[in-house]
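The chain contents come next:
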Amino acid sequence: KKSGLSANTVLHNVIIIAQFFRRNGRRDITRELQLPEAIHSLPRMYSEEEQSRFLAVCDSWELGLFSTFLFTGFREQEVMYLFWRDLNLKLRTVRVVSKPELRFFPKRWEEREIPVPVDLAQVLASHPQSIDSPFVFPSPTGNREQNFLRRCKEVATRAGLDASTFDLKTFRSTYATSM
């Protein structure tokens, strides 16, 4: 408390210390500490107005990208490594699968297939496809795009929104909360 750390930070640091001691034969050394209660706040999400304003100023490439984030709940790496072969627009499904050749593995190795709404399937069906790249959202050179966050902040600025409050993880929490 004296150093201004949040309750969750204190708990996290004590867990690290306890693990260190446990590995070195000193179990239960932190048991007697009086620790603060963990604080679990609600996830931040984008309002419908923010979503509408944001998507309204997107060009077609950005619309495909950020609609994918918003309507799948995928993590940044999952979108970054999304291949055209992972989409089945007729069945309206998208898969997250390992790509060992690129050293991409889904978090906790959880490969999955999810249904997508008709609107997203239509946006992706009209999304430009590069003949030279397997990526749905390639960089200008055809490799994986690594500037999604920068693009997100640029779109937010164009939409007249506070770019500092826009990030990719909030698309995921917006998806999860709306589900």
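Now for a look at the structure at hand. (Residues numbered from 1 in each chain as written. Predicted model: local features only at pLDDT ≥ 70, side-chain atom pairs only at ≥ 80, totals over all residues. Heavy atoms only, no water.)

### Comments concerning the pattern of salt bridges
Think of it this way: side chains of opposite charge can pair up when their charged atoms draw near.
Consideration 1: Counted by the stated rule, this structure contains ten salt bridges.
Consideration 2: Note that R112 and E78 form a salt bridge whose closest N and O atoms lie 2.8 Å from each other. Here the residue R112 occupies a position in strand β3 (residues 112–115), and E78 occupies one in helix α4 (residues 76–80), the gap between them amounting to 34 residues.
Consideration 3: Note on E78: relative accessible area 4%, which makes it buried.
Consideration 4: Its salt-bridge partner being R108, residue E110 comes within 3.4 Å of it at the nearest N-O pair.
Consideration 5: For E110, a relative accessible area of 35% corresponds to the partly exposed category. (Salt bridge = Lys/Arg side-chain N within 4 Å of Asp/Glu carboxyl O. Helix = DSSP H or I, 4+ residues; strand = E, 2+ residues; numbered from the N terminus. Buried < 20%, exposed > 50% of the residue type's maximum accessible area, 1.4 Å probe, protein only.)

### Re helix α5 (residues 118–125)
Consideration 1: Of the residues making up α5, those classed as buried are L120, A121, V123 and L124. Looking straight down α5, one finds that the buried residues subtend no more than 160° of arc, so they occupy a single side. Within α5, the exposed residues directed more than 90 degrees away from the buried face are D119, Q122 and A125.
Consideration 2: Turning to α5, the residues buried within the fold contact α3 (60–72) and β1 (87–88). (Arc of directions from axis to C-beta. Contact = heavy atoms within 4.5 Å.)

### A few points about the pairing of strand β2 (residues 93–96)
Consideration 1: Relative to β2, β1 is paired through two bridges, and the arrangement is antiparallel. Paired with L87 across the two strands is V94, which belongs to β2.
Consideration 2: Connecting β1 to the next strand, β2, in antiparallel fashion are four residues, including R92 with a positive phi near 55°.
Consideration 3: Where β2 and β3 come together, four bridges link them in antiparallel fashion. (Pairing = 2+ DSSP bridges.)

### Remarks on the sheet that holds β1
Consideration 1: Here we have three strands laid out as an open sheet, ordered β1-β2-β3, and antiparallel in their pairing. Single-partner strands in this sheet number two, and they are β1 and β3.

### Let's talk about the environment of Y81
Consideration 1: Counting through the fold element by element, Y81 comes out in the loop between α4 and β1.
Consideration 2: The spacing of Y81 and L102 is 21 residues in sequence and 8.6 Å in space, taken between C-alpha atoms.
Consideration 3: Not counting the four nearest positions on each side in its chain, Y81 is found in contact with D86, K99, L102, F104, F135 and R144.

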